Amino acid sequence: MPEEPLSPSPSPPLCMGEDCNLRRTLSTRLESAIGETLRLRMENAAVADANVLASLLMAELEQTRLQLLEKNNALEAQTRKLATAIEKGQAADRAKDLFLANISHEIRTPLQGIIGMTELALESGLTPEQHDYLASIRSCSDFLLELINDVLDFSKLQAGKLELSPVLFDLRDTLFSALRAVAVQAHKKGLELICDVDPAAPRAVLGDPARLHQVVMNLLSNAVKFTASGEVVLKVVVSDPPEAGGTLGLTISVRDTGVGIAPENHRLVFEAFTQADSSVSRTHGGTGLGLTICERLVKLMKGKIWLSSQPGVGSEFFFTCRFGVSANAAPPASSPAILQGMKVLVAGQSSTGLGVLERMLERGGLVVHTRGDAVERFDFVVLDCHPAIDAVTEVARLRALPGCRDSHVVTLTSTTSGCRCDADARLMKPVKPSDLLAALARLEAVESEPSAPPVEPEPMRPLRILLAEDNPVNQVIASRMLAKRGHSVQVAKDGQQAVELHAAAAFDLILMDLRMPRMDGVDAGRAIRSREEAAGRHTPMLALTASGTDECRQACVEAGMDGYLLKPIRESQLLETLAAIGHN
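Residues numbered from 1 in each chain as written. Predicted model: local features only at pLDDT ≥ 70, side-chain atom pairs only at ≥ 80, totals over all residues. Heavy atoms only, no water.

Draft legend 1. Structural detail: the packing of aromatic side chains. Inspection of every chain in the model, using the stated rule, returns 3 aromatic pairs. Here Phe-169 and Phe-323 contribute two aromatic rings whose centre-to-centre distance is 5.9 Å and whose plane-to-plane angle is 80°, an arrangement assigned as edge-to-face. Taken as a pair, Phe-169 in strand S1 (residues 167-170) and Phe-323 in strand S7 (residues 314-324) lie far apart in primary sequence, 154 residues in all. Considered together, Phe-169 and Phe-323 belong to a single accessibility category, that of buried residues. Note that Lys-304 overlies the ring of Trp-306, its terminal NZ or CZ placed 5.5 Å from the centroid. (Phe/Tyr/Trp six-rings, centres within 6.5 Å; stacked < 30°, edge-to-face > 60°. Helix = DSSP H or I, 4+ residues; strand = E, 2+ residues; numbered from the N terminus. Buried < 20%, exposed > 50% of the residue type's maximum accessible area, 1.4 Å probe, protein only. Lys NZ or Arg CZ within 6 Å of the ring centre and 35° of its normal.)

Draft legend 2. Structural detail: the pattern of salt bridges. Considering all chains together, one arrives at 20 salt bridges under this definition. Its salt-bridge partner being Asp-384, residue Lys-429 comes within 2.8 Å of it at the nearest N-O pair. With a gap of 45 residues between them, Lys-429 in the loop between strand S12 (425-428) and helix H9 (433-448) and Asp-384 in strand S10 (residues 380-384) connect regions that are remote in the sequence. You'll find Lys-429 and Asp-384 in the same group, each marked buried. Across the salt bridge formed by Arg-529 and Glu-532, the nearest N and O atoms sit 2.6 Å from each other. With Arg-529 and Glu-532 both in helix H12 (residues 521-535) and 3 residues apart, this pair spans about one turn of that helix. Residue classification places Arg-529 among the buried residues on the basis of a relative accessible area of 11%. (Salt bridge = Lys/Arg side-chain N within 4 Å of Asp/Glu carboxyl O.)

Draft legend 3. The arrangement of the sheet that holds strand S15 (residues 509-513) in detail. Pairing is parallel across the open sheet formed by 5 strands, whose spatial order is S14-S13-S15-S16-S17. The open sheet has two edge strands, strand S14 (488-492) and strand S17 (563-566), and neither has a second partner. Averaged over all adjacent pairs, the angle separating strand axes in this sheet is 20°, with direction ignored. Direction of pairing for S15 relative to strand S16 (residues 541-545): parallel, over a ladder of 4 bridges. Across the sheet, Asp-513 pairs through a bridge with Leu-544, a residue of S16. Contacting strand S13 (464-468), S14 and S15, helix H11 (residues 495-504) crosses the sheet at an angle of about 135° to S14. (Pairing = 2+ DSSP bridges. Axes fitted to C-alpha atoms, helices over the stretch in contact; angles between N-to-C directions. Contact = heavy atoms within 4.5 Å.)

Draft legend 4. Summary view of the pairing of S7. The element S7 is largely enclosed, with a buried count of 9 among its 11 residues. Strand direction decides the pairing type here: strand S5 (residues 247-256) and S7, joined by 9 bridges, are antiparallel. By the bridge assignment, Ser-253 is partnered in S7 with Phe-318. The pairing of strand S6 (residues 305-310) with S7 spans 6 bridges and is classified as antiparallel. Each residue of the ladder has a partner; that of Ser-308, found in S7, is Glu-316. The hairpin turn running from S6 into S7, its antiparallel successor, is 3 residues long, and Gly-312 in that turn takes a positive phi close to 80°.

Dropping the structure here:
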């Protein structure tokens, strides 16, 4: 049978009315839900990624924290090691200071005996040969003492414990003190020792005179040591004038005509334990510390040091320094009015010395001539005696000149030969300008008006002295030095006995050694001061010590000491102290 044709599929009914709207709403919501779902899936993926990143960062932070903790522990360990090292260093520093103080005491105590006994023996009746032997012993002792002082100063400078002690002091007195200290050695070698101080330099300055003296003294000593003939000249120039309330700048130099130093060794001489030439060291001796100490002291004085030198010609060391200037300081001493316009003839062989002498006299208001036929009559003749000339003959020659027959003759001499000549006044070189002008003024005053009878200085009264010293040799030395001057001495062998003797009798002065058995000098000083405070009296008390450290000075102050004398004690040093007390 034939197949029937298929009927077409019926078409879906058309969306009509509310049904159509519902479908559109559902479709929109479905699309929105799908979009929200996709958005949430994306956010979840981002959150998951963020969580992973956060986990990685947390792991990295934990690792960093552990590393920092490890480093912190290492730093704490290193800090503990450094603290331990610092403590050990400080302990070693204290041990070194204690060692130096002890060794200084142990060396200076027998050295006091050697020097003291030698000085006593030199004043006794000796043959020339014995005198030479003892003088050599004293010279060696002085060198040993200088060596000890250099080593102690170098140690304090290395540790940064040496400080300046500024006071108001006389600049020229300090400089001439250093000159006088080397004058004997210079004059023994026939050297001219000359000082030329800028007249613009003030009379008094604020600074540390002991350290200035030490630097100048060291440079002068070296100049004398390394100079066989010629001259040594100390010169002071005001390089920076003071302003109102400011400081003064000085340039100080020491020039010699000695062996000189090669240019390549100029820096070497300032290094510790070094000298420019080992052969020179063997010839002249020395530790090689002096210039090192000078350089560091000059730095403390806010200056610098350098040199100019040529082998075979000589050397000149320069250093700068700064000092305070007091507005209330006394002005420079004026020249005596009696000398103004007077005529003076100067004579001598050293051109440098004559130049300084001429300027010195011209600043004093005198009219200076260097030729004997320049005027009809000279008021004064000043002869600068060179060691090589015969002062007696030279003075006689000058007196024979027509213009000098009635003149006052003054000799400046470095040897005793000048004391035998026919001079009206004799001054030992180096001479301060004020001393020379004063001598000329006295000569003129004696001639122009009658003078009063000379007034004898009042003799120093004998003192009753308590000496606390445990070393038997030093007891003998000090007792004999004092007894020779008429003083009575009571010896205490330790601090406890000193306290007991002080309680039993009155004394004019107490000399207290700081290191003694049973009770040391510091404790004994405190006990004595405590008793005196209750009684309302005060006995001058000086410490005797081999240590010049700041700690030692502070201990002396706290114990009520009025001062201290550094061992080994020289007789001149002791007598100067007694004179100040005896005339008070």
